[in-house]
Amino acid sequence: MLEQLRKMEGKEMGVITNTDILKELAATSAGLKSLTTIMATNGIEDLRKCCGGNGYLLSAGLSALSQDYLWQVTAEGDFIILALLTAKSLLKSMQQVQKGKKLTGIVDYFNIATDKNFSLANVKPNPVIRSDELCNLYYLLSLFRYRALEKNYNLAKDFTAYMNNNKVRNDVAIDIFSNELLIAGHAHCYHIIMSNFVGKIKETTNEKLKPILTKLCIMFALCHFLDENWGEYFIQRSI
């Protein structure tokens, strides 16, 4: 986010000279703030539970950490409202893509859907054959990208069809699809996090640090797969 902000600023900090990415930055920061504050809050609580009864002692420090951080979830914007702001922006972007318009910036991975022969089945990553494939950063990233694409593509398709068939106002349809919007928005934000994680590891020149960051990135991805039950994306089901 700081890198994006620097693109907007001129030589003087705090003075915006380039507004080209302002809307994208606003939508992205809202979703990331929503997602990461929830991730941190849940992580602190999981840590406290893992410590058993000791985790509840004031001397452990975790109870204080939990309560000191908890306000972040709603400070400067409720996490649901912020996530919906991002999701509605993504919905408009995907609807443009489905009409054939090419996008730039952080949502350019949507552009694959402009191909006249596009189908989600054709771009879905291959299922895992060997366990070591789940230690491949670029394969893991492809799963995050596909999930974000799938959730937002299907949402836009279903949302547009509902609007056309029921002739309701846009705000009414937004309320009806609010849960799907939240899932799609957070899927996009997870893709941003994973994409930046992998990108920064690639840029790292410290050869001692790189394997540590790689293991941390793999653990982040696989823990998320387990927490969110992502099995259908990379495990081949037999009938």
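Described below are features of the structure shown in this document. (Residues numbered from 1 in each chain as written. Predicted model: local features only at pLDDT ≥ 70, side-chain atom pairs only at ≥ 80, totals over all residues. Heavy atoms only, no water.)

### Concerning the packing of helix α6 (residues 137-166) against helix α8 (residues 178-203)
Close contact between α6 and α8 brings their axes to 8 Å; oriented N to C, the two are set at 155°. With respect to α8, the axis of α6 lies roughly antiparallel. Of the two possible hands of crossing, α6 and α8 adopt the one that is left-handed. Residue composition of the contact of α6 with α8, grouped by class: 15 nonpolar, four polar and five charged. (Axes fitted to C-alpha atoms, helices over the stretch in contact; angles between N-to-C directions. Helix = DSSP H or I, 4+ residues; strand = E, 2+ residues; numbered from the N terminus. Parallel < 35°, antiparallel > 145°, perpendicular 65-115°, else oblique. Left-handed = near helix turned anticlockwise from the far one by under 90°. Nonpolar A, V, L, I, M, F, W, Y, C, P; charged D, E, K, R; others polar.)

### Details of the packing of helix α2 (residues 22-50) against helix α3 (residues 62-70)
Describing two packed helices takes the angle between their axes plus the distance from one axis to the other. It is the contact of α2 with α3, at a shortest axis distance of 10 Å, that shows an interaxial angle of 165°. Of the possible angle classes, the one that applies to α2 and α3 is roughly antiparallel. The two elements α2 and α3 meet at a crossing, and its hand is left-handed. Side by side, α2 and α3 meet where Thr36, Thr37, Ala40, Thr41, Ile44, Glu45, Leu47 and Arg48 of the first sit next to Leu62, Ser63, Leu65, Ser66, Tyr69 and Leu70 of the second. Here the contact of α2 with α3 is composed, by residue class, of seven nonpolar, five polar and two charged. (Contact = heavy atoms within 4.5 Å.)

### Topic: the side chain of Thr28
Position of Thr28 among the secondary structure elements: in helix α2. Judged by its relative accessible area of 7%, Thr28 is buried. Of the polar contacts made by the side chain of Thr28, one reaches the backbone oxygen of Glu24; its length is 2.7 Å. Aside from chain neighbours lying at most four places away, what touches Thr28 is Met1, Ile106 and Ile192. (Buried < 20%, exposed > 50% of the residue type's maximum accessible area, 1.4 Å probe, protein only. Polar contact = N/O pair within 3.5 Å; in protein donor to acceptor, adjacent residues only side chain to side chain.)

### Some words on helix α4 (residues 79-98)
Spanning 20 residues, α4 covers 28 Å between terminal C-alpha atoms, matching the ideal 28 Å at 1.5 Å per step. Of all the positions in α4, only Leu82, Ala83, Leu84, Thr86, Ala87, Leu90, Leu91, Ser93, Met94 and Val97 are classed as buried. Measuring from the side-chain oxygen of the N-cap residue of α4 to the backbone nitrogen of Ile80 gives 2.9 Å; that N-cap residue is Asp78. Positioned one or two residues after α4, Gly100 has a phi angle of 100°, which is positive. (Expected span 1.5 Å × (residues − 1).)

### Some points on the packing of aromatic side chains
The final tally for this structure, using the stated rule, is eleven aromatic pairs. Between Phe144 and Phe225, the aromatic rings sit 5.7 Å apart at their centres with planes inclined by 35°, giving tilted as the arrangement. Of this pair, Phe144 sits in helix α6 while Phe225 is found in helix α9 (residues 210-228), placing the two residues 81 residues apart along the sequence. For Phe144, a relative accessible area of 1% puts it in the buried group. With centroids separated by 5.6 Å and ring planes inclined at 75°, the aromatic side chains of Tyr162 and Phe177 adopt a geometry described as edge-to-face. You can see Tyr162 sitting in helix α6 and its partner Phe177 sitting in the loop between α7 (170-176) and α8, a full 15 residues away along the chain. Judged by relative accessible area, which is 25%, Tyr162 ranks as partly exposed. Phe177 gets classed as buried once you look at its relative accessible area, which sits at 11%. Here a set of aromatic residues connected by ring pairs shows up, and it is made of Phe144, Tyr190, Phe197, Phe220, Phe225 and Trp230. (Phe/Tyr/Trp six-rings, centres within 6.5 Å; stacked < 30°, edge-to-face > 60°.)

### Some words on the pattern of salt bridges
Scanning the entire structure with this criterion turns up four salt bridges. Measuring nitrogen to oxygen at the nearest pair gives 2.8 Å for the salt bridge that ties Glu45 to Arg48. With Glu45 and Arg48 both in helix α2, this residue pair falls three residues apart, about one helical turn. Among the residues examined, Glu45 registers a relative accessible area of 21% and is labelled partly exposed. When its relative accessible area of 12% is taken as the criterion, Arg48 is described as buried. Put simply, Arg169 and Asp171 hold a salt bridge, and the shortest N to O gap is 3.0 Å. In this structure Asp171 comes out as partly exposed when scored by relative accessible area, which is 39%. (Salt bridge = Lys/Arg side-chain N within 4 Å of Asp/Glu carboxyl O.)

### A look at the nonpolar core
Judged by nonpolar contacts, the single largest core of 51 residues is most densely connected at Phe110, Phe144, Leu181, Met194, Phe225 and Phe234. Those elements giving two or more residues to this core turn out to be α2, α4, α6, α7, α8, α9 and α10 (231-234). Broken down by element, this core gets its largest block of residues, 13 residues, from α6. Excluding its chain neighbours within four sequence positions, the residues that come into contact with Met194 are Leu137, Leu140, Leu141, Phe144, Cys217, Phe220 and Ala221. (Core = buried A, V, L, I, M, F, W, Y, C linked by side-chain atoms within 4.5 Å.)

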